[in-house]
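Given next are the chains, with one letter for each unit.
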Amino acid sequence: MKLLCLLIAIVSLNSLHAQTTATRDVTGTVTDSKGNPLPGVTIQLKGSKTIVTTNEQGKFTIKAPTSKTTLSASYVGFADQDISVTGNSTIAITLVEANQKLEDVVVVGYGTQKKKDLTGSIASVSHDQLNLGGVTSNAAQAIQGRASGVQVSQTSAAPGGQTTIRIRGGNSIKSTNEPLYIVDGFPSETGIDINPGDIEDIQVLKDASATAIYGSRGANGVIMITTKRGKAGKTIVSYEGYYGMQNFTKEPAKMTGKQFMDVTNAKAAEQGNPPEYSDAELNSGVNTDWFKLGTQTGRLQNHDINIRAGSEKTRISISGNYFGQDGILKHTNFNRYSGRVNVDQDVSKDFKVGANIYSSRSNSDYKTYDGNIVPSNVVYGILNGSPAIKPYNDDGTYYRRKGRDNPLAWLLEPTNDRFINKLSANAYGEYQFIEGLSLRLNIGTEQVTTKEGTYIPTTLVDGEKVKGKASINNLQATRNLLETYFTYKKKIAGFHNINAMAGFSMQKDLSDANYTQVQKFTSDQYLYNNLGGGAERIASTSSKIETKMASFFGRLNYSYKDKYLATFTLRADGSSNFAESHRWGYFPSGSLAWRLSDESFIRDMNVFSNLKLRASYGITGNDRIPPYSYMATFGPTNVTLDGDNSYGGIVATRAANPDLKWESTAQFNVGLDMGFANGRINATLDFYKKKTNDLLLDIPIGQWWGFSSQTVNAGSVQNQGVELSINTENINTKDFRWNSSFNIAYNKQKCVNLGGRPYIITQTANPDGSVGAADFTKLEPGKELSTIFGYVYDGVVKTGEKYNAQPASVAGDPKFKDLNGDGVIDANDRAYLGNTTPHWVGGFNNDLAYKGFELGIFFQGALGYNLYNMNRLLLETYTGVDALNRWTPQNNNTDVPRDGYFGSKYGGYINSRFVENASYVRCKLITLGYNLPWTKNVIKNFKIYVSMQNAFTITSYSGTDPEVNTNGAASTASANTANMAAGLDFNAFPAFRTLTFGAKITF
């Protein structure tokens, strides 16, 4: 009886199960938006393992329950689609092409996100978009003109020369305005110098929502560099190499030796002095072009090799690079050798580890290109050296006039060697505890050692006086980093997505430096390699500085239905740069985004393939000031009480300020991301406004304190602007492809207040030994940083003219406007003559491909700024052809003074005549390549190409390069000069164009 009951129960359950799982065949056809059938589309019964694919006609049949069910259709290049199936047994599915760019993953601070989920302002530059080739030797040059709102300036064209970056304008006066570089998750002070060939992509974080995760270092923007990594699959070996030549884009027009001697003697006669040059010298035929003697055709070469391999669990990338450049200025060069190894290992399903090791060694023969007139400033010599002096004596020694060395001797004879060794190593481990919850640990170290060795030999006057002078400067900088953070990802109820991250980091920086200078050697052969061979020690200094930072940080990303997005971040930084009462800073941010294109009322318009509105606000900081600026410092001093004996001691050199705190930048940003024509046209528009408060400034204090000034928090600077970037896929057929990208950005900077100071004036170095330094820029509330301040030039005093404002002037003297109308030309008649920071920066690129041929044309430019052309001032005064047009009694119709500006009793050499509009548009790069068609199994791709950098420049600027900035150094020590005295063209390395021939081979 029991057995019978059991059998009845089993049969009943089977019958019930059969009723609830009754199925039917659902058939359908899948097409694209044009009605074309799509074969190979994956059709899945949602919530089950039942999967089929469409046939060649796009048709499919799948078993599905008779009740209401959902099918999911997915296909590469198209957006996934869910289809509800009720009573119908036959359905039609139309898939919409996905905008693949929206699915791209970008690197953000401590994680990654899909582009479509970003709520902040981030510019992405892939490897294929970088300005590679030619003289591109660092990351900054590689992205010039490629990212909106990012101003990149090659402040010196010298081999290995300085490059500066400003993201949405400069925020600080005393501190650096350079961005933070993050290379594979490691904050590197030398990240700008990475080998560009190693870069996979670069993300530029611009607004506070994106940068606040880096807190006290995020105010100037963040540049995230991701290097190439190994991939699973076949081993790929690639090589790229090129060789190039460089020539001047513009040479200065200078007088001949005879013309120079005639003009010099005429000036002497006008002043009642005897002639400078004798008849024998006038008839000597000497005509030395120092510019041509000191320059050459530059040469450069680059070789990159990369090996990428891996399996499902192990992936590795190995690269090596050599970059070498011999500059167009003789005795200048730069060489760099580098290697990189990146390894990723999946130890198990839940545990993975990896490591990155980078090492480089560079050496250069460097010169001085700053704004002063010492003989070692070689460009000053070759631009302004007298053409009436011959370079060599008959015996081959350097010719000297009046006991002074000629420019060629100073260019070729001194030894100036710089060696930089860099080692960067970091590793990570990541463990997933449960689905969605993981812990990551990063550890890393970076060590940079720099050695500079100089020697002035006895073949120069300065060396002959002291029997040779040598110096060695050693600097070692070490950074150690430990950071760990949790990441939690969870999707709730199918609509709510949460991505949370929280972590902690510790960073320690150590700087160790020593400098020694000696003289009186028995031989020039030692150079700087035997300081013990010098009998007299001139200087010997050393220093050691240690700084620490501890941080807590967190971020929460939330989205609802992938349409409504929010991001919130908070970082707390504690820095040893500040006193205990102000050691910690807190930097929050929040942002919201709305994917309007996912709303039905936008979709029904059939206009946008993507439309997202973003808004953000946050606060970031800047702690990159000289360490321990809040403390009083002391230094050695010597005093004499009797006039004969000197006594050593210690004296305070800086006033303490325990109330010193962070500079903080509050930024608001609103942006719109747009896509049209199924993603073939994409545009991003951003508006921002940011204000930096608590600026670190040196405020004058009473001398009774023993100091002239004290560093305090005072003042604020504001930047606001708009950015637009557009990327288009113009044509894409089997044989022809044409893509374009365009970006432009406007930024307006304004000083809001200076903490009670009415203004700040900076000076420029003297351009000539007959005059001193002069006021160059002036900053007051309402004005931009580095605004040139000087006299307004009004021509020359004409013959017979009586100019009452300059009663002592004679015909031919420079004439200046009496701006205040008081009848006297004095310092009160100065005015603002022009801003030196571009208001507009942008780039325009076109990539075209026809069958095997490829053509790339890239334009880059900057508009709305000025430069003070001090080189022109000196050429007009002394050796340039413009001096032939100077005022004389026979040449009254001219604007060129009879004897320059340095001897004038009125006005000054900082005047409007030499303030020029430096706006330019430059054809930065033209590349023509051909992919050889006869590649076989071993060689996967073989491309040869020719490229030209700086092909031509459209500008009204009369100097050699409108991009130059003599005072544009980015180091912390000179940050005040770089920020407050920019816009000077004086003694800069000459600009050039580069023609290169190269090849890319993939095996």
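Conventions we followed
Residues numbered from 1 in each chain as written. Predicted model: local features only at pLDDT ≥ 70, side-chain atom pairs only at ≥ 80, totals over all residues. Heavy atoms only, no water. UniProt positions renumbered as here; feature names shortened; annotations may be inferred. Helix = DSSP H or I, 4+ residues; strand = E, 2+ residues; numbered from the N terminus. Rg over C-alpha atoms; globule rule 2.2 N^0.38 Å. Buried < 20%, exposed > 50% of the residue type's maximum accessible area, 1.4 Å probe, protein only. Contact = heavy atoms within 4.5 Å. Salt bridge = Lys/Arg side-chain N within 4 Å of Asp/Glu carboxyl O. Core = buried A, V, L, I, M, F, W, Y, C linked by side-chain atoms within 4.5 Å. Phe/Tyr/Trp six-rings, centres within 6.5 Å; stacked < 30°, edge-to-face > 60°. Lys NZ or Arg CZ within 6 Å of the ring centre and 35° of its normal. 1 Å grid on protein atoms, 1.4 Å probe; cavity = no way out; pocket = protein on both sides within 12 Å on 5 of 7 lines; lining within 4 Å. Points joined across faces, edges and corners; volume = space filled by probe spheres on them. Nonpolar A, V, L, I, M, F, W, Y, C, P; charged D, E, K, R; others polar. Pairing = 2+ DSSP bridges. Axes fitted to C-alpha atoms, helices over the stretch in contact; angles between N-to-C directions. Expected span 1.5 Å × (residues − 1). Patch = residues over 30% accessible without salt bridge, like charges linked within 9 Å, V, L, I, M, F, W, Y side chains within 5 Å. Areas by Shrake-Rupley, 256 points an atom, 1.4 Å probe, with all protein chains shown as cover.

In the nomenclature of an unreviewed UniProt entry, the chain corresponds to TonB-dependent receptor from the organism Danxiaibacter flavus. Listed under Subcellular location (unreviewed entry) in UniProt, the entry text for the chain is "Cell outer membrane".

(A) Representation of the overall build of the chain within the structure. Regarding its fold elements, the chain presents 13 helices and 53 strands. For 1003 residues, the compact-globule formula gives about 30 Å, and the C-alpha radius of gyration of the chain, at 34 Å, lands near that figure. Viewed in the frame of its principal axes, the chain has a C-alpha envelope of about 140 × 65 × 65 Å. Here the chain, with 1003 residues, has 50% of them falling under the buried criterion. In the chain, the proportion of contacts linking residues at least 24 apart, taken out of those at least 6 apart, comes to 69%.

(B) Inspection of the pattern of salt bridges at higher detail. In total, this model carries 45 salt bridges according to the counting rule given. The partner of E281 in a salt bridge is R401, with the nearest N and O atoms 3.0 Å apart. Placement of the pair is E281 in helix α6 (residues 279-282) and R401 in strand β22 (residues 400-401), with a sequence separation of 120 residues. Note that E546 and K508 form a salt bridge whose closest N and O atoms lie 3.4 Å from each other.

(C) Fine view of helix α12 (residues 870-877). The buried fraction of α12 is high, at eight of eight residues. Regarding α12, the residues found buried are M870, N871, R872, L873, L874, L875, E876 and T877. If you follow the buried residues of α12, they end up packed against α5 (257-270), α8 (378-384), β40 (760-764), β48 (866-869), β49 (915-917) and β52 (984-985).

(D) Inspection of the nonpolar core at higher detail. One finds Y868, M870, L873, Y909 and I910 to be the most contacted residues of the largest nonpolar core, which totals 30 residues. Ranked by the residues each element gives to this core, the list is headed by α12, at three residues. With 23 residues, the next largest nonpolar core counts V135, F248, L300 and Y369 among its residues.

(E) Local environment of the environment of F433. Within the secondary structure, F433 is located in strand β24 (residues 415-434). Residue class for F433 comes out partly exposed when judged on its relative accessible area of 43%. Each C-alpha atom of the pair F433 and D350 lies 7.2 Å from the other, and the pair is 83 residues apart in sequence. Beyond its immediate sequence surroundings of up to four residues, F433 is in contact with L439 and F486.

(F) Up close: the packing of aromatic side chains. Applying the stated criterion across every chain, the model contains 36 aromatic pairs. Relative to F433, the ring of Y431 has its centre 5.1 Å away and its plane inclined at 80°; by these criteria the two rings are edge-to-face. Members of the aromatic cluster, connected to one another through ring pairs, are F776, Y791, Y793, F816, Y868, Y901 and F914. The residue whose ring lies beneath K783 is Y832, and the NZ or CZ to ring-centre distance is 4.5 Å. Its guanidinium or amino end placed over the ring of Y920, R922 lies 5.2 Å from that ring's centre, counting from NZ or CZ.

(G) Region of the structure containing the UniProt feature "domain: TonB-dependent receptor plug" (unreviewed entry) in the chain. The positions that UniProt labels "domain: TonB-dependent receptor plug" (unreviewed entry) are, in the present scheme, residues 114-222. Overall, residues 114-222 shows 7% helix and 27% strand. The separation of its end C-alpha atoms is 18 Å.

(H) Structural view of empty space enclosed by the protein. Enumeration over the complete set of coordinates arrives at nine cavities of 30 Å³ or more. Of the pockets and cavities examined, the largest cavity occupies roughly 570 Å³. Along its surface, the largest cavity is lined by 44 residues, and Q151, S153, R166, T837 and P838 are the ones closest to its centre. Contributions of two or more residues to the lining of the largest cavity are made by β11 (150-153), β12 (164-167), β39 (736-753), β46 (840-850), β47 (853-863) and α13 (975-980). The greatest single-element share of the lining of the largest cavity, amounting to five residues, is contributed by β39. Split by residue class, the lining of the largest cavity holds 17 nonpolar, 24 polar and three charged. Within this model, the second largest cavity holds a volume of roughly 300 Å³. Lining the second largest cavity are 21 residues; nearest its centre among them are V135, Q141, Q154, K924 and N950. Those elements that place two or more of their residues in the lining of the second largest cavity are β50 (920-931) and β51 (941-955).

(I) Main features of the sheet that holds strand β13 (residues 180-183). Pairing is mixed in the open sheet, where five strands are placed in the order β10-β15-β16-β13-β14. Both outer strands of the open sheet, β10 (122-126) and β14 (186-188), are each paired with one neighbouring strand and no more. Within this sheet the neighbouring strands show an average axis-to-axis angle of 25°, counted without direction. Across six bridges, strand β15 (residues 199-205) lies against strand β16 (residues 222-227) in antiparallel orientation. Within β16, the position partnered with L205 by the bridge is V222.

(J) Geometry of α5. For α5, spanning 14 residues, the distance from its first C-alpha to its last is 20 Å, which sits close to the expected 20 Å at 1.5 Å a residue. Those residues of α5 that sit buried are G257, F260, M261, V263, T264, N265, K267 and A268. G272, located one to two residues past α5, shows a positive phi value of around 75°.

(K) Region of the structure containing a nonpolar patch on the surface. Judged by side-chain polarity, I305, I307, I318, V341, I357 and L423 come together as a nonpolar surface patch covering roughly 450 Å² of accessible area. Within the secondary structure layout, L423 lies in strand β24.

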